[in-house]
Amino acid sequence: MSVAVENVLDVSSMGQQAQDGYSSAPEAFKADIHLAFRSPAKTYSLSDLGINQQKRKAPCNFGVAEPFSFLSKAGVDTLLKELTSETVQNNCKFSTDRTPCCLRGTSDHSPFIRDLWSSPEVTDIVSAVAGIPLQLGYKYEIAHTNVQVDSPDGSDAPVDNWHYDSIPFVAVTLLTPTEGMTGGETVLKKGDGSEMSVGFPQAGYLIVLQGQHVRHLAKRAVSPHGRMTMVTGYIPADPLLSDQTVLRVSKMMSDLPTLFHQWAQYRLERFGKQAQLISQSFEEKHKETGQLADMDEVKAWCNNMIQYLQVTIAEVDKTPIAKYSDTE
């Protein structure tokens, strides 16, 4: 199934957004022009949400931040222009039963998108909100863009039903206007079973969520402008912190050879950094105290690394999952 973004979103109704008013020359990302960051009014820890951090093996206690200003109007407009460009439309569209229209791999076809999300300014913003240093995941998880299409039966069924994310942290940006929009909130499931809704006040706002440890869904929006959200995945920058990234539904909405290449590259690079840091820690301890490496500690680290490699191997299965379980 192929769904053109232009057919879902009436970009001409967005004033100067998307194509109108732009030259054809590529625009360079400039933080002072394209960002409009203001700290979130409130953040919630996993503990605040009644979620046991240790049971979920989460790398930190951060849960979610209330939506905060992230992109300027110029930033939103330029992203919309890039997403509706011919090269992105021709190379990045995917469709599944779960996600009827999405754009993936856009950072390979848009220097602006690549430079925005890889900029130190944006990485610092997301890291500061989450409370630990983060880094981008593999390329397909950079600027994944969901485009809402009308429900086939006209129902208000969620755009994305209850689930945990495949990558530890996500930064979700709304790119379409909220004027006249109803619905569209992200709903979180708290530890006691109750629900908490988080909604975007306007385009350019960002939600940061530890989505691999907070179960959530995306409600359907009713809007004259359509609805487009850009989702970028992050992992802990410290290779020794828990990274439970899996491929899951990524295999349903990616070019598999490209996905597996990115997966292998990221996993093996992180594995190498883990081994180097562990080795260095043993050597530093020996220099400081004269103590030799504790073999029980060595075995524990090796077992952790073996499990990491086993997951790496298990995920490289060319058969996408048939159904997505909200309990995974």
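Residues numbered from 1 in each chain as written. Predicted model: local features only at pLDDT ≥ 70, side-chain atom pairs only at ≥ 80, totals over all residues. Heavy atoms only, no water.

Peer 1: Sorry, what's going on with the packing of helix α8 (residues 256-289) against helix α9 (residues 295-315) here?
Peer 2: When two helices pack together, you describe them by how their axes are tilted relative to each other and by the distance separating the axes. The N-to-C vectors of α8 and α9 enclose an angle of 175 degrees; their axes lie 10 Å apart at closest approach. Comparing their axes, α9 and α8 come out roughly antiparallel. Note on element contacts: α9 touches α8 through Glu297, Val298, Trp301, Met305, Tyr308, Leu309, Val311, Thr312 and Glu315, opposite Phe260, Trp263, Tyr266, Arg267, Leu268, Arg270, Phe271, Gln274, Ala275, Ile278, Phe282 and Lys285. Across the contact of α8 with α9, the residue classes tally to 14 nonpolar, 2 polar and 5 charged. (Axes fitted to C-alpha atoms, helices over the stretch in contact; angles between N-to-C directions. Helix = DSSP H or I, 4+ residues; strand = E, 2+ residues; numbered from the N terminus. Parallel < 35°, antiparallel > 145°, perpendicular 65-115°, else oblique. Contact = heavy atoms within 4.5 Å. Nonpolar A, V, L, I, M, F, W, Y, C, P; charged D, E, K, R; others polar.)

Peer 1: Is there a simple way to think about the pairing of strand β11 (residues 186-189) in this case?
Peer 2: Regular strands have side chains that alternate between both faces of the sheet. The two faces of β11 match: Thr186 and Leu188 on one face and Val187 and Lys189 on the other face are all buried. The pairing of β11 with strand β12 (residues 195-198) spans 4 bridges and is antiparallel. Looking at the pairing, Val187 lines up with Ser197 of β12. The turn linking β11 back onto β12 is made up of 5 residues, and Gly193 within it adopts a positive phi angle of 95 degrees. In terms of strand pairing, β11 meets strand β14 (residues 216-218) through 3 bridges, oriented antiparallel. (Buried < 20%, exposed > 50% of the residue type's maximum accessible area, 1.4 Å probe, protein only. Pairing = 2+ DSSP bridges.)

Peer 1: Help me understand the packing of helix α4 (residues 73-83) against helix α6 (residues 111-118), please; the structure alone is not making it clear to me.
Peer 2: Where α4 meets α6, the axes come as close as 9 Å, and the angle between the chain directions of the two elements is 135 degrees. In this view, α4 runs oblique relative to α6, as classed from their interaxial angle. Across the interface between the two elements, Gly75, Thr78, Leu79, Glu82 and Leu83 from α4 touch Phe112, Ile113 and Leu116 from α6. A breakdown of the residues in the contact of α4 with α6 according to their chemical character gives 5 nonpolar, 2 polar and 1 charged.

Peer 1: Help me out: how do you make sense of the pattern of salt bridges in this one?
Peer 2: Where charged atoms from two side chains of opposite charge come close, those side chains can pair. Applying the stated criterion across every chain, the model contains 7 salt bridges. Its salt-bridge partner being Lys139, residue Asp108 comes within 3.0 Å of it at the nearest N-O pair. Taken together, the residues Asp108 in the loop between β5 (102-103) and α6 and Lys139 in the loop between β6 (134-136) and β7 (144-147) connect sequence positions 31 residues apart. Residue classification places Asp108 among the partly exposed residues on the basis of a relative accessible area of 45%. With its nearest N and O atoms 2.9 Å apart, the salt bridge here joins Asp115 to Arg114. Exposure remark for Arg114: the relative accessible area of 42% places this residue in the partly exposed category. (Salt bridge = Lys/Arg side-chain N within 4 Å of Asp/Glu carboxyl O.)

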